[in-house]
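Analysis of the macromolecular model
The residues making up each chain are set out below.
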Amino acid sequence: MNIYIIGTGLIGGSMALDIKSIYDDATIFGIDANEKHLEEAINLGIIDQKATENDLINADLVIVAVPVDVALVILPEILNKIGEQTLVFDVGSTKNPICEAIENHPKRRNFMACHPIAGTEFSGPKAAIKGLYEGKTNIICEVEKTTFKLQEKAKDLFKKLGMRIRYMDPKSHDKHIAYVSHLSHISSFMLGKTVIEKEKDEQDIFDMAGSGFESTVRLAKSSPAMWTPIFKQNKKQVIKSLEEYIQNLSNFKKLLEDDNYEEVYNEMQNTNRIKEILK
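Rules of the game
Residues numbered from 1 in each chain as written. Predicted model: local features only at pLDDT ≥ 70, side-chain atom pairs only at ≥ 80, totals over all residues. Heavy atoms only, no water. Pairing = 2+ DSSP bridges. Helix = DSSP H or I, 4+ residues; strand = E, 2+ residues; numbered from the N terminus. Contact = heavy atoms within 4.5 Å. Axes fitted to C-alpha atoms, helices over the stretch in contact; angles between N-to-C directions. Buried < 20%, exposed > 50% of the residue type's maximum accessible area, 1.4 Å probe, protein only. Salt bridge = Lys/Arg side-chain N within 4 Å of Asp/Glu carboxyl O. Patch = residues over 30% accessible without salt bridge, like charges linked within 9 Å, V, L, I, M, F, W, Y side chains within 5 Å. Areas by Shrake-Rupley, 256 points an atom, 1.4 Å probe, with all protein chains shown as cover. Right-handed = clockwise from strand over helix to strand, strands pointing away. Phe/Tyr/Trp six-rings, centres within 6.5 Å; stacked < 30°, edge-to-face > 60°.

Structural notes on the sheet that holds strand β6 (residues 111-116)
The 8 strands lie next to each other as β3-β2-β1-β4-β5-β6-β7-β8, forming an open sheet whose pairing is mixed. Each end of this open sheet is capped by a strand with a single partner; those strands are β3 (49-50) and β8 (164-167). Here strand β7 (residues 137-141) runs beside β8; their pairing, made up of 4 bridges, is parallel. Counted as the bridge partner of Ile139 is Arg166 from β8. Where helix α5 (residues 148-160) meets the sheet, it contacts β4 (61-64), β5 (87-90), β6, β7 and β8, and its direction lies at approximately 55 degrees from that of β5.

A few points about the environment of Ile78
Here Ile78 is to be found in helix α3 (residues 68-81). Under the relative-accessibility criterion, Ile78 is labelled buried at 0%. Expressed as a C-alpha distance, the spacing of Ile78 and Lys107, which sit 29 residues apart in the sequence, is 9.9 Å. Leave out the neighbours within four places in its chain, and Ile78 touches Ile6, Leu56, Val62, Val64 and Val88.

Points about the pattern of salt bridges
Taken as a whole, this structure holds 15 salt bridges when the rule is applied. The salt bridge partner of Glu53 is Lys81, with a shortest N-O separation of 3.6 Å. One end of the pair, Glu53, is in the loop between β3 and β4; the other, Lys81, is in helix α3, and 28 residues separate them in sequence. Under the relative-accessibility criterion, Lys81 is labelled partly exposed at 31%. A salt bridge links Glu84 to Arg109; the nearest nitrogen and oxygen atoms lie 2.6 Å apart. Taken together, the residues span a long stretch of sequence, with Glu84 in the loop between α3 and β5 and Arg109 in the loop between α4 (96-101) and β6 at a distance of 25 residues. Given the relative accessible area of 47%, Glu84 is considered partly exposed. The exposure class of Arg109 is partly exposed, given its relative accessible area of 36%.

Some words on a nonpolar patch on the surface
On the surface, Ile274, Ile277 and Leu278 cluster together into a nonpolar patch covering about 310 Å² of accessible area. Note that Leu278 resides in the segment after α12 (274-277).

Details of the pairing of β7
Burial within β7 is extensive, with 4 of its 5 residues counted as buried. Viewed along the sheet, the connection from β7 through α5 into β8 turns out right-handed.

Let's talk about unusual backbone geometry
Phi is positive for Glu142, close to 55 degrees, though the residue is something other than glycine. Position of Glu142 among the secondary structure elements: in the loop between β7 and α5. Judged by its relative accessible area of 16%, Glu142 falls in the buried class. A positive phi angle, close to 55 degrees, is found at Asp259, a residue other than glycine. Within the secondary structure layout, Asp259 lies in the loop between α10 (235-257) and α11 (261-271). Here Asp259 falls in the exposed class, since its relative accessible area comes to 52%.

Side note on the pairing of β4
The alternating pattern of β4 places Leu61 and Ile63 on one face and Val62 and Val64 on the opposite face, and all of these are buried. As defined by bridge partners, strand β1 (residues 2-6) adjoins β4 across 4 bridges and the pair is classed as parallel. Residue pairing for β4: Ile5 is matched across the bridge by Ile63.

Focus: the packing of aromatic side chains
By the definition in use, this model includes 3 aromatic pairs. On the numbers, 4.6 Å between centres and 10 degrees between planes, the contact of Tyr4 with Phe29 is stacked. A residue pair is termed long-range when its members are at least 10 positions apart, and Tyr4 in strand β1 and Phe29 in strand β2 (residues 27-31) qualify at 25 residues. Across this residue pair, the class does not change: Tyr4 and Phe29 are buried.

Listed below in C-alpha cells is the structure:
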C-alpha cells in the first residue's frame, strides 16, 4: 500500500504511526509545505519517504491533514492527480465548506469527508503519538457520495484504528462542533488572555495556578495557524455559540451582583449533570 500523508503534524503524523503498525506492507509518503516537518517526520519514523503532489497518481490512500483553509485550496488539485481507485479523506474540523468545495468534482466519489475527534494542544511531527484515535469518534459526512468500495476500505481502516463511526450531514456537524470544540478553544484562549493581562507579574500565575486553571487553559496552547481558519470557516455557528455563552456568563455575573447565592448554587448544581452526559 502506498499511503500519502499531506500534513505531517499531530493529526496526520499520529495516523501514520498507527497505520504503520497495522499494515506491514504500507509505505508512508509525506507531503508538507514545511521542509523541517518532513525531516522531523522521517527522523521520528513517522514517514518513510518525502513526496510531492505529482506522485499522487501512485497512491492507494491519501490523508489530507492540513489547516482547513489550505484543504479548501489543495483538495480539488489532489483529486485531479489521483488514480481511479484512490481513496482520499480529510480530517478537518469544519465539514460544510470542504464538501461544497468539491461537490461537483469529477472524482467526488473518491473522497470521504471525515473528522476524527481526537488531538492534543500540541502541534508538529514531534506531537504525533501512537494510539491517538483509539476509542475516539470519527464523524463522516455525505458518506453516500463516496463509492461503496472505497467506503468499505475507509471503514476498515477506521475500525483498525479503534475509532467509532458516526454519520452526520455537514451543516449539522459544523453546528454541533461549534459548541463542543470551537467554543471550548475560544474560552480557553480568552481565559488565558484575561489572566495574562491582569497578572503583570507572571510569577504570580505560576505560583497560584492549580490543576483547575491548567486544565482549563490547556487548549490555549493550540496552534493559532490551525484555529484561525476554523473560526473563519465556521464563523456563523461560532458566533451563535459565543452569544449563548456570553449570555450565560452575564446571567451568572448578575446573580453575584444581586447576592443571589441560592441561584448560583442551583446553576452549578444543574450543570453538574454534565458528568452523566460525558460518561
